[in-house]
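This is what each chain is made of:
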Amino acid sequence: MLIKSIFFVLLLCSVEVLGQTLPQQLPQHWKRIGEAELSILWFDIYNAELLSPDGRYSGVNSPLVLKLNYHRNISQADMLEETQKQIKKFAHKDQADGWLTKLSQVWPDIYKGDQLAFWIDHENTGHFFHNEDWVGSLQDPAFSTAFIQIWLSDNSSYPDLAKKLRGSVK
């Protein structure tokens, strides 16, 4: 009986943190807005896909899912370093440093064939999924906005990729 009780409490704790129900899966049946491939020189990095409930891009503060399907291995340290370079265009340094500390607790190393997905929900909370499994959330709307702009802003390092993801270019 005690073991069953402990198991039940642990199960509840794994589903709820600070009173908030954690996402169990990415939204299903959302429609593609756009898709793009990131290649640097002759290295294919990932295929990116942007989705929304209706298949239309309504801005960075609307519900979106960004899926990155990786073509190569990338260490967590390399992902954090590149994210730091990219996100500083859209946030203050102190703010970005705090986010990167949180991301270091969430992101795994990436291996060829892995998918990392980022879901911005209706409350503008950002949720990360690694190979369809939830790995963590950041409840700061400023983070969600800054992070997604790495891929969707005309001021990003890859504006052509941004246009394709937003459905502006086929």
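Remember, it's a predicted structure, so these values are computed and weren't measured experimentally.

Here the structure, examined in full by the defined rule, presents 13 aromatic pairs. In this structure an aromatic cluster arises from ring pairing among W99, W107, F118, F128, F143, F147 and W151.

Here the focus is the side chain of S52. Relative to the helices and strands, S52 is located in strand β4 (residues 43-52). Within the structure, the side chain of S52 is placed 3.0 Å from the backbone oxygen of R56, a separation counted as a polar contact. Once residues lying within four places of it in the same chain are set aside, the contact partners of S52 are W30, K31, I33, P63 and L64.

Where helix α3 (residues 93-106) contacts helix α4 (residues 141-152), the two axes come as close as 11 Å, and the packing angle between them is 90 degrees. By the angle between their axes, α3 is roughly perpendicular relative to α4. Between α3, through Q95, W99 and L103, and α4, the contact on the second element is made entirely by A142, F143 and A146. The class makeup of the residues in the contact of α3 with α4 is 5 nonpolar, 1 polar and no charged.

Our focus in this paragraph is the pairing of β4. In terms of burial, β4 is a largely internal element, 8 of the 10 residues being buried. Examined bridge by bridge, strand β3 (residues 31-40) and β4 share 9 bridges and lie antiparallel to one another. From the neighbouring strand, R32 faces β4, where its bridge partner is L51. Relative to strand β5 (residues 64-70), β4 runs antiparallel, the two being bridged by 6 bridges. Residue pairing across strands places A48 opposite L68, the latter belonging to β5.

So, on to the sheet that holds β5. In spatial order, the strands read β3-β4-β5-β6-β7-β8; together these 6 strands make up an open sheet with antiparallel pairing. The open sheet is flanked by β3 and β8 (133-138), the only strands paired with a single partner. The mean angle between the axes of side-by-side strands here comes to 20 degrees, regardless of whether they run parallel or antiparallel. Those strands touched by α3 are β7 (126-130) and β8, and its axis lies near 165 degrees from that of β8. Across the sheet, α4 is in contact with β4, β5, β6 (115-120), β7 and β8; its angle to β6 comes to roughly 130 degrees.

Thresholds, definitions, all that
- Residues numbered from 1 in each chain as written.
- Predicted model: local features only at pLDDT ≥ 70, side-chain atom pairs only at ≥ 80, totals over all residues.
- Heavy atoms only, no water.
- Phe/Tyr/Trp six-rings, centres within 6.5 Å; stacked < 30°, edge-to-face > 60°.
- Helix = DSSP H or I, 4+ residues; strand = E, 2+ residues; numbered from the N terminus.
- Polar contact = N/O pair within 3.5 Å; in protein donor to acceptor, adjacent residues only side chain to side chain.
- Contact = heavy atoms within 4.5 Å.
- Axes fitted to C-alpha atoms, helices over the stretch in contact; angles between N-to-C directions.
- Parallel < 35°, antiparallel > 145°, perpendicular 65-115°, else oblique.
- Nonpolar A, V, L, I, M, F, W, Y, C, P; charged D, E, K, R; others polar.
- Buried < 20%, exposed > 50% of the residue type's maximum accessible area, 1.4 Å probe, protein only.
- Pairing = 2+ DSSP bridges.

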